[in-house]
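What follows is the residue order along each chain.
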Amino acid sequence: MKIFSGIQPSGQFHIGNFLGAMKNWVVLQKENDCIFCIVDLHAITVDYPPKEMPQRILDATKDALAVGIDPAKSILFRQSDRPEHAELAWLLNTITNMGELSRMTQYKEKAEKHQESVGLFDYPVLMAADILIYKADGVPVGEDQTQHVELARDLARRFNSKFGQTFPEPKLLLTPTKRILGLDGQGKMSKSNPSSTYIALNDSPDTIRQKIALATTDAGNEPEISNATKNLIGLIEAFTGKERAEYYFEARRQGTIKYSEMKPELAEAIIKELEPIQKKRAEISDSNVKSILSDGAKKLEGVAQKTIKEIKEKMGLVI
Ligand code: ADP
């Protein structure tokens, strides 16, 4: 399969990004043709500090390399280094309805928090262009991206029926840990929420212990298991396996669960999993990252330009 996925350089990556998307990238790169992108043009659709952006781009790439993206197996590049993404987004804009973009839940949520802009509104079309320009068949992302991948499929189908068969319909590839909640149990874990609600990939062992110790749970004996508790037991499953998660679910059902036992177990498991990632990350230099990104963009030049040429011909723009 040809795989495409992206991640925004908009702050620290957390275990939600890791479990929902990045860990799956590492598995998929073993047997597929993978393209992974640092989507800086997406990151500028909300308020951001321009002076910090270059470092954020370097850091995001380091995180991707540290979790195990191998530039010898996969292509890792930065979105704005390939101008064909923005060009295809414009062409796709002409077959996108205002209504379908207005229904996007991520747009509605972000528009409430940030200034509304045409860029924020058009975010899903740029994402469709990211995927379709490489004619990807699979898109490994977290559940919050379902609606966006659906739009990419709709646009592929619409383009094909209007202008002739061009794009495969990209499939959504979800992981078992497709939606990790924040440590407060309120909505998805996100880097735009307070740092106490997420575990960053580069949090120190003590910070991880503290954050998990303060994570919200229910009292342990109400009839309903709270979402916050379910989420923590889900993290136990992700970091230590099914058996320990079943043990804690059973204890919770019996009303005998001890969070004072479960939380340190979870914290130590996260620390153990992140330790080699943090070690690897510290060894990657900025200059190494820059050359990986520019090599990646060069490798994609031919295929990206070929798709643009084909589309322009089909749309009647070649004279
Ligand atoms: P964020 O939402 O933190 O800004 P991005 O939009 O850059 O992160 O998302 C990068 C990838 O991580 C996407 O595939 C997204 O679906 C996934 N992801 C983000 N948050 C979560 C979460 N809480 N649980 C599972 N996957 C997530």
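Now for a quick tour of the structure. Since the model is a prediction, treat every value here as computed from it, not as a measurement.

Cut-off values and rules
Residues numbered from 1 in each chain as written. Predicted model: local features only at pLDDT ≥ 70, side-chain atom pairs only at ≥ 80, totals over all residues. Heavy atoms only, no water. 1 Å grid on protein atoms, 1.4 Å probe; cavity = no way out; pocket = protein on both sides within 12 Å on 5 of 7 lines; lining within 4 Å. Points joined across faces, edges and corners; volume = space filled by probe spheres on them. Helix = DSSP H or I, 4+ residues; strand = E, 2+ residues; numbered from the N terminus. Nonpolar A, V, L, I, M, F, W, Y, C, P; charged D, E, K, R; others polar. Pairing = 2+ DSSP bridges. Right-handed = clockwise from strand over helix to strand, strands pointing away. Buried < 20%, exposed > 50% of the residue type's maximum accessible area, 1.4 Å probe, protein only. Salt bridge = Lys/Arg side-chain N within 4 Å of Asp/Glu carboxyl O.

This brings us to empty space enclosed by the protein. Within the structure shown, the criterion is met by one cavity of 30 Å³ or more. In this structure, the largest cavity occupies an estimated 30 Å³ of space. Taken together, Gln106, Tyr107, Lys110, Leu120, Tyr123, Pro124 and His148 make up the lining of the largest cavity. At the level of elements, α6 (105-113) and α7 (118-132) are the ones that each hand at least two residues to the lining of the largest cavity. In the lining of the largest cavity, the residues fall into four nonpolar, two polar and one charged.

It is worth spelling out the pairing of strand β1 (residues 2-7) at this point. Sheet topology places β1 next to strand β2 (residues 33-38); six bridges connect them, and they run parallel. When the sheet's bridge partners are listed, Ile3 is paired in β2 with Cys34. Following the backbone out of β1, through helix α1 (residues 15-28) and into the adjacent parallel β2, one traces a crossover that is right-handed.

Further remarks concern the environment of Leu101. Its location among the elements puts Leu101 in helix α5 (residues 98-102). For Leu101, a relative accessible area of 4% corresponds to the buried category.

What follows concerns the pattern of salt bridges. Throughout the structure, instances matching the rule amount to 26 salt bridges. Measuring nitrogen to oxygen at the nearest pair gives 2.8 Å for the salt bridge that ties Glu84 to Arg82. With respect to class, Glu84 is no different from Arg82; both count as buried. What emerges from the salt-bridge pattern is a single network uniting Arg153, Asp154, Arg157 and Glu169.

In short, the description is geometric, and any link to function would need to be established separately.
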